[in-house]
Amino acid sequence: MNEDNTQFMQEAIRLSVENVTQGKGGPFGAVVVKNGKIIARGANSVTTLNDPTAHAEVVAIREACKILGSFQLNGCEIYTSCEPCPMCLGAIYWARPDKLFYANTKQDAAAIDFDDNFIYEEIAKPINERKLFTQQLMRNEALEAFKKWGESNIKIEY
């Protein structure tokens, strides 16, 4: 691990600690780095924003994309104080950074009651066996948008 990695992870950890000591949310922080500089920071804001998607990684990704004027984080690295949950991991993959670094593990998070294992288990189950009632409706009508996407010459692919 080089000194820059340590510096960036220290900032993600600092954000996580500060978030707890200020009572702003869960113990999670993240930074996005491009060309050796932090371009965005995020801390868990779920309870302060009443937004279940306001995890540190998502907050940092949103800010970085706004700053870069792009929906992708090519050439960037993400440093997060904890191994990302399924939602954040999905967002990270969609954002397409070059690298991801994390400090605490998902087992560490589970030990303080941030356990995402049930989500991994639910995703692996057939839809009809999941705890959340899920039913498909109006597929044929919805396929119209997909058809138009396939035919569009004004779309921005990602």
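Predicted, not measured: the structure shown is a model, and the values here were computed from it.

A.B. asks: In this structure, what is going on with the nonpolar core? I would like to understand it.
C.D. replies: Side chains of a nonpolar character, in soluble globular proteins, are inclined to be buried together. Counting residues in hydrophobic clusters, the biggest one holds 16 residues, and the most contacted among them are Val32, Ile61, Ala64, Leu73 and Ile78. If you list the elements that add at least two residues to this core, you get β1 (29-34), α3 (56-68), β3 (76-82) and α4 (86-95). Among the elements that take part in this core, α3 stands out by supplying five residues, more than any other. If sequence neighbours within four positions are ignored, isoleucine 78 has contacts with Val31, Val32, Ile61, Leu73, Ile92, Pro97, Lys99, Leu100 and Phe101. Listed in part, the seven residues of the second largest apolar core include Phe8, Leu15, Val33 and Tyr79.

A.B. asks: Would you take a moment to explain the environment of lysine 99 for this structure?
C.D. replies: When you line up the elements, lysine 99 lands in strand β4 (residues 99-104). Separated by 38 residues in the primary sequence, lysine 99 and isoleucine 61 place their C-alpha atoms 13 Å from one another. Residue contacts for lysine 99: discarding those within four places in its chain leaves Cys76, Glu77 and Ile78.

A.B. asks: It is not clear to me how the pattern of salt bridges should be interpreted in this structure. Could you clarify?
C.D. replies: Two side chains bearing opposite charge may form a pair once their charged atoms approach each other closely. Under the definition given, this model contains six salt bridges. Glutamate 11 is the partner of arginine 41 in a salt bridge, and the nearest nitrogen-oxygen pair spans 2.7 Å. Here arginine 41, found in strand β2 (residues 37-43), pairs with glutamate 11, found in helix α1 (residues 3-21); they are 30 residues apart in sequence, far enough to count as distant. Given a relative accessible area of 42%, arginine 41 falls into the partly exposed group. On the basis of relative accessible area, glutamate 11 is assigned to the buried category, the value being 12%. Here glutamate 122 ties to lysine 125 by a salt bridge, and the two come within 3.0 Å at their closest N and O atoms. Assessed through its relative accessible area of 29%, lysine 125 is described here as partly exposed. Within the structure, one salt-bridge network assembled from shared partners comprises Glu11, Arg14, Glu18 and Arg41.

A.B. asks: Sorry, what's going on with the packing of α3 against α4 here?
C.D. replies: In a packed pair of helices, the relevant descriptors are the angle between the two axes and the axis-to-axis distance. It is the contact of α3 with α4, at a shortest axis distance of 9 Å, that shows an interaxial angle of 25°. When the axes of α3 and α4 are compared, the pair comes out roughly parallel. The chirality of how α3 crosses α4 is left-handed. Counted together, Glu57, Val58 and Ile61 of α3 and Met87, Cys88, Ala91, Ile92 and Ala95 of α4 form the full contact between these two elements. Partitioning the contact of α3 with α4 into residue classes produces seven nonpolar, no polar and one charged.

A.B. asks: Is there a simple way to explain the packing of aromatic side chains in this structure?
C.D. replies: Think of a pair of aromatic rings as described by two things: how far the centres are apart, and how the planes are tilted against each other in angle. Applying the stated criterion across every chain, the model contains five aromatic pairs. Their ring planes at 85° and their centres at 4.9 Å tell us that phenylalanine 28 and phenylalanine 114 sit as a pair that is edge-to-face. A residue pair is termed long-range when its members are at least 10 positions apart, and phenylalanine 28 in the loop between α1 and β1 and phenylalanine 114 in the loop between α5 (106-110) and α6 (117-124) qualify at 86 residues. Taking the relative accessible area as the measure of exposure, phenylalanine 28 reaches 15% and is therefore buried. The class for phenylalanine 114 is partly exposed, based on a relative accessible area of 35%. Ring geometry for phenylalanine 71 against tyrosine 158: centres 5.8 Å apart, planes inclined by 70°, an arrangement best described as edge-to-face. With phenylalanine 71 in the loop between α3 and β3 and tyrosine 158 in the segment after α7 (139-151), this pair connects stretches of sequence that are 87 residues apart. Aromatic ring contacts, followed pair by pair, group Phe8, Tyr79 and Phe101 into a single cluster. The side chain of lysine 106 reaches across the aromatic face of tyrosine 120, ending 4.6 Å from its centre.

About the thresholds
- Residues numbered from 1 in each chain as written.
- Predicted model: local features only at pLDDT ≥ 70, side-chain atom pairs only at ≥ 80, totals over all residues.
- Heavy atoms only, no water.
- Core = buried A, V, L, I, M, F, W, Y, C linked by side-chain atoms within 4.5 Å.
- Buried < 20%, exposed > 50% of the residue type's maximum accessible area, 1.4 Å probe, protein only.
- Helix = DSSP H or I, 4+ residues; strand = E, 2+ residues; numbered from the N terminus.
- Contact = heavy atoms within 4.5 Å.
- Salt bridge = Lys/Arg side-chain N within 4 Å of Asp/Glu carboxyl O.
- Axes fitted to C-alpha atoms, helices over the stretch in contact; angles between N-to-C directions.
- Parallel < 35°, antiparallel > 145°, perpendicular 65-115°, else oblique.
- Left-handed = near helix turned anticlockwise from the far one by under 90°.
- Nonpolar A, V, L, I, M, F, W, Y, C, P; charged D, E, K, R; others polar.
- Phe/Tyr/Trp six-rings, centres within 6.5 Å; stacked < 30°, edge-to-face > 60°.
- Lys NZ or Arg CZ within 6 Å of the ring centre and 35° of its normal.

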